[in-house]
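The chain contents come next:
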Amino acid sequence: MMTQNASNSKSLDQTLVQVCSCYDVSRAEVLTAIQEGVKSVEQVSDLTYACQGCGGCRPLIEGLIAQAETVRIQKP
């Protein structure tokens, strides 16, 4: 059974996951940009610099954007 502290630590760790190693951009930074209304990889890149290096993070950022869009559509 997971304690509350362990649950909080896991949530915190997920936000600190590095999405873009070229510019050291975390998942939390990308999610913040998306929550602010960004809807494309290019817009995320403009705000965070993610995906301006090798481009290896592009699929992950696209997935986060798609996931956020799905959540927006499902909200009443």
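Residues numbered from 1 in each chain as written. Predicted model: local features only at pLDDT ≥ 70, side-chain atom pairs only at ≥ 80, totals over all residues. Heavy atoms only, no water.

Student: Honestly, the overall build of the protein chain in this entry has me stumped. Any pointers?
Tutor: Each helix and strand in the protein chain was counted, giving four helices and two strands. Start at the N end of the protein chain and walk to the C end: the helices and strands fall as α-β-β-α-α-α. The 76 residues of the protein chain split such that 25% are buried. Pairs at least 24 residues apart make up 41% of the contacts formed inside the protein chain by residues separated by at least 6 positions. (Helix = DSSP H or I, 4+ residues; strand = E, 2+ residues; numbered from the N terminus. Buried < 20%, exposed > 50% of the residue type's maximum accessible area, 1.4 Å probe, protein only. Contact = heavy atoms within 4.5 Å.)

Student: Before we go on, may I ask you to explain the packing of helix α2 (residues 27-35) against helix α3 (residues 41-48) in this structure?
Tutor: A packed helix pair is summarised by two numbers, namely the angle formed by the two axes and the spacing between the axes. Two elements in contact, α2 and α3, have axes separated by 10 Å at closest approach and are oriented at 115°. Read as a crossing pair, α2 and α3 show a hand that is right-handed. Note on element contacts: α3 touches α2 through Val44, Leu47 and Thr48, opposite Glu29, Val30, Ala33 and Ile34. Looking at the contact of α2 with α3 residue by residue, the classes come out as five nonpolar, one polar and one charged. (Axes fitted to C-alpha atoms, helices over the stretch in contact; angles between N-to-C directions. Left-handed = near helix turned anticlockwise from the far one by under 90°. Nonpolar A, V, L, I, M, F, W, Y, C, P; charged D, E, K, R; others polar.)

Student: Any chance you could explain the nonpolar core here in plain terms?
Tutor: One recurring pattern in soluble globular proteins: nonpolar side chains tend to sit buried together. Ranked by size, the top nonpolar core spans 16 residues in total, and within it Val30, Ile34, Val44, Ala50, Cys57, Ile61 and Ile65 carry the most contacts. Within the residue set of this core, elements represented by two or more residues are β1 (18-20), α2, α3 and α4 (58-74). At four residues, the largest contribution of residues to this core is made by α4. If sequence neighbours within four positions are ignored, isoleucine 65 has contacts with Ile34, Lys39, Ser40, Val41 and Val44. (Core = buried A, V, L, I, M, F, W, Y, C linked by side-chain atoms within 4.5 Å.)

Student: Got a minute to help me understand unusual backbone geometry in this structure?
Tutor: In most cases, non-glycine residues show a negative phi, while peptide bonds are predominantly trans. For tyrosine 49, which is not a glycine, the phi torsion comes out positive at approximately 75°. Mapped onto the secondary structure, tyrosine 49 falls in the loop between α3 and α4. Positive phi outside glycine occurs at cysteine 51, with the angle close to 75°. Relative to the helices and strands, cysteine 51 is located in the loop between α3 and α4. With a relative accessible area of 16%, cysteine 51 lands in the buried category.

Student: Looking at this model, I keep getting lost on the side chain of threonine 48. Mind explaining?
Tutor: Positionally, threonine 48 belongs in helix α3. For threonine 48, the side chain forms a polar contact with the main-chain oxygen of valine 44, separated by 2.8 Å. Ignoring sequence-local partners within four residues, the contact set of threonine 48 consists of Val25, Glu29 and Ala33. (Polar contact = N/O pair within 3.5 Å; in protein donor to acceptor, adjacent residues only side chain to side chain.)

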